[in-house]
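Take a look at the letters that make up each chain.
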Amino acid sequence: MRKVIGIGETILDIIFRDGRPYIAMPGGSVFNTLVSLSRVGVQTSFIGELGDDRVGRSILTFMEENGMATDYVDLFSEGLSSISLAFLSEGQDADYMFYSNCSKRRSNIMMPDIRPDDIVIFGSYYALNADTRDRVMDIVQYAKKQRAIVYYDPNFRKSHAHEAIQLRATVMDNYEAADLVRGSDEDFMNLYKKTDPDEVYRDEVQFYCKRLIATHGADSIHLYTEKIRNCYDVPPLAAVSPVGAGDAFNAGLIYSLIKYRIGQMDLPDLSPMMWDKMIGLGIDFAAEVCGSFANYISPEFAAKYRP
């Protein structure tokens, strides 16, 4: 059975509505994607860190309850688990604040079992942070050697925009390591002060990775590959919260790679019709998450896709 291995941060998301805490749940971009994939029956392993504290232990329990393998999660005692605050505006956009007091110690967790056509997803600041980057890239390079599919989501938040110039070379290295990049207009605005997807692909991504999916919230999705340029409209939706929507899109697209038995060697020659199906699943998963305050698809929604 093909596996999905995710590398990233794990945090407790606290969502504020009308200036008050509304709901709290485990989060983190790659983490959210893996929860959704686990709920549709995909075998997942998460690689990351948690504080050996009340928050960290509750997140670990949540992972086990959702069928996520925890063999590669490092519990540290020299710091605290991270917390994110998401403030929803009247238009249901989200503004984020992050609090982290993580350990500087990095464990030597064994390399995960990665086989041909498994899928490795990485991204966010965890893939750029000097404290974690070497560990991330060791796994990503091993995945490439094993001919797994490498999926990169920059998920570059406004809180790090002041570091954009010095981090661009690292982001380019991540593009080069990836078989597929999925980024949002917010990511590209924070990184390059650009939102035109054609310009972003041509000037920033194409030389390093030939396949880019550029999402623009509820507006549109642009696909770029070696042979295809396409734009997809997003169906109208009364969104409750955008938190986790991009992560759910990633889950839907990765699920389509497994559902349609698409391997690493198949990616350059996928037909427009197949990409339509893949993007469609991404949109379905994202729409489900937008309709709730959860970071991941619901078990009821997932039941429609479970084998």
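Residues numbered from 1 in each chain as written. Predicted model: local features only at pLDDT ≥ 70, side-chain atom pairs only at ≥ 80, totals over all residues. Heavy atoms only, no water.

> Teacher, can you tell me more about the packing of aromatic side chains here?
A ring pair, where both rings are aromatic, is described by two values, the distance of the centres and the angle of the planes. Following the criterion strictly, the structure yields 15 aromatic pairs and no others. A ring pair is formed by Tyr-22 and Phe-293, whose centres lie 4.6 Å apart and whose planes are at 50°; its orientation type is tilted. Pair noted here: Tyr-22 is in strand β3 (residues 20–27) and Phe-293 is in the loop between α8 (272–290) and α9 (299–303), with a separation of 271 residues, a long-range link. Take Tyr-22: its relative accessible area is 45%, and that puts it in the partly exposed class. Judged by its relative accessible area of 12%, Phe-293 falls in the buried class. Aromatic side chains Phe-31 and Phe-46 sit 5.6 Å apart centroid to centroid with 90° between the ring planes, which places their arrangement in the edge-to-face category. (Phe/Tyr/Trp six-rings, centres within 6.5 Å; stacked < 30°, edge-to-face > 60°. Helix = DSSP H or I, 4+ residues; strand = E, 2+ residues; numbered from the N terminus. Buried < 20%, exposed > 50% of the residue type's maximum accessible area, 1.4 Å probe, protein only.)

> What's the story with the nonpolar core in this structure? I'm lost.
A general tendency of soluble globular proteins is for nonpolar side chains to be buried together. Residues Phe-31, Ile-213, Trp-275 and Phe-285 are the most contacted members of the largest nonpolar core, which totals 57 residues. Sort the elements by how many residues they give to this core and α8 lands first, with 9 residues. The contact partners of Trp-275, leaving out residues within four places of it in the chain, are Leu-180, Ile-213, Leu-223, Thr-225, Ile-228, Tyr-232 and Leu-270. (Core = buried A, V, L, I, M, F, W, Y, C linked by side-chain atoms within 4.5 Å. Contact = heavy atoms within 4.5 Å.)

> Please clarify how the sheet that holds strand β11 (residues 212–215) should be interpreted in this entry.
Strand-to-strand pairing in sheets goes through backbone hydrogen bonds, with the strands running parallel or antiparallel. Sheet architecture is open: 9 strands sit in the order β5-β4-β1-β8-β9-β10-β11-β12-β13, paired in mixed fashion. Edge positions in the sheet fall to β5 (73–76) and β13 (229–233), since each has one partner strand and no second. Along the sheet, successive strands turn relative to each other by an average axial angle of 15°, direction set aside. With 4 bridges connecting them, strand β1 (residues 3–7) and strand β8 (residues 119–123) associate as parallel partners. In the strand pairing of β8, Ile-7 is matched with Phe-122. Seen against the sheet, helix α5 (residues 185–192) touches β9 (149–153), β10 (180–184) and β11 and runs at an angle of roughly 85° to β10. (Pairing = 2+ DSSP bridges. Axes fitted to C-alpha atoms, helices over the stretch in contact; angles between N-to-C directions.)

> Is there a simple way to explain helix α1 (residues 29–39) in this structure?
The periodicity of an α-helix, 3.6 residues per turn, causes residues three or four positions apart to be oriented the same way. The buried fraction of α1 amounts to 11 of the 11 residues, a majority that puts the element mostly inside the structure. When we look at burial in α1, the residues that qualify are Ser-29, Val-30, Phe-31, Asn-32, Thr-33, Leu-34, Val-35, Ser-36, Leu-37, Ser-38 and Arg-39. At the C-terminal side of α1, Gly-41 shows a positive phi close to 95°.

> Would you take a moment to explain the pattern of salt bridges for this structure?
Pairing is possible between side chains of opposite charge, provided their charged atoms come close. Under the counting rule described, the total for this entry stands at 13 salt bridges. In this structure, Glu-49 engages Arg-135 in a salt bridge whose closest nitrogen and oxygen atoms are separated by 3.4 Å. Taken together, the residues span a long stretch of sequence, with Glu-49 in strand β4 (residues 43–51) and Arg-135 in helix α3 (residues 133–145) at a distance of 86 residues. Residue class for Glu-49 comes out buried when judged on its relative accessible area of 9%. Of the charged contacts, one joins Arg-157 and Glu-186 as a salt bridge, the two residues approaching to 3.8 Å between their closest N and O atoms. A residue pair is termed long-range when its members are at least 10 positions apart, and Arg-157 in the loop between β9 and α4 (164–177) and Glu-186 in helix α5 qualify at 29 residues. By relative accessible area, Arg-157 is classed as buried at 17%. Several salt bridges converge on common partners, so that one network encompasses Lys-194, Glu-199, Arg-202, Asp-203 and Glu-204. (Salt bridge = Lys/Arg side-chain N within 4 Å of Asp/Glu carboxyl O.)

> Just checking my understanding: could you explain the packing of α1 against helix α7 (residues 245–259) for this structure?
Packed helix pairs are specified by the crossing angle of their axes together with the interaxial distance, meaning the distance between the axes. One can describe the packing of α1 onto α7 by two numbers: an axis separation of 8 Å at closest approach and a directional angle of 50°. With respect to α7, the axis of α1 lies oblique. Relative to α7, the crossing made by α1 is right-handed. Across from Ser-29, Asn-32, Thr-33, Ser-36 and Leu-37 in α1, the residues of α7 making contact are Asp-247, Asn-250, Ala-251, Ile-254 and Tyr-255. Of the residues that constitute the contact of α1 with α7, the class distribution is 4 nonpolar, 5 polar and 1 charged. (Parallel < 35°, antiparallel > 145°, perpendicular 65-115°, else oblique. Left-handed = near helix turned anticlockwise from the far one by under 90°. Nonpolar A, V, L, I, M, F, W, Y, C, P; charged D, E, K, R; others polar.)

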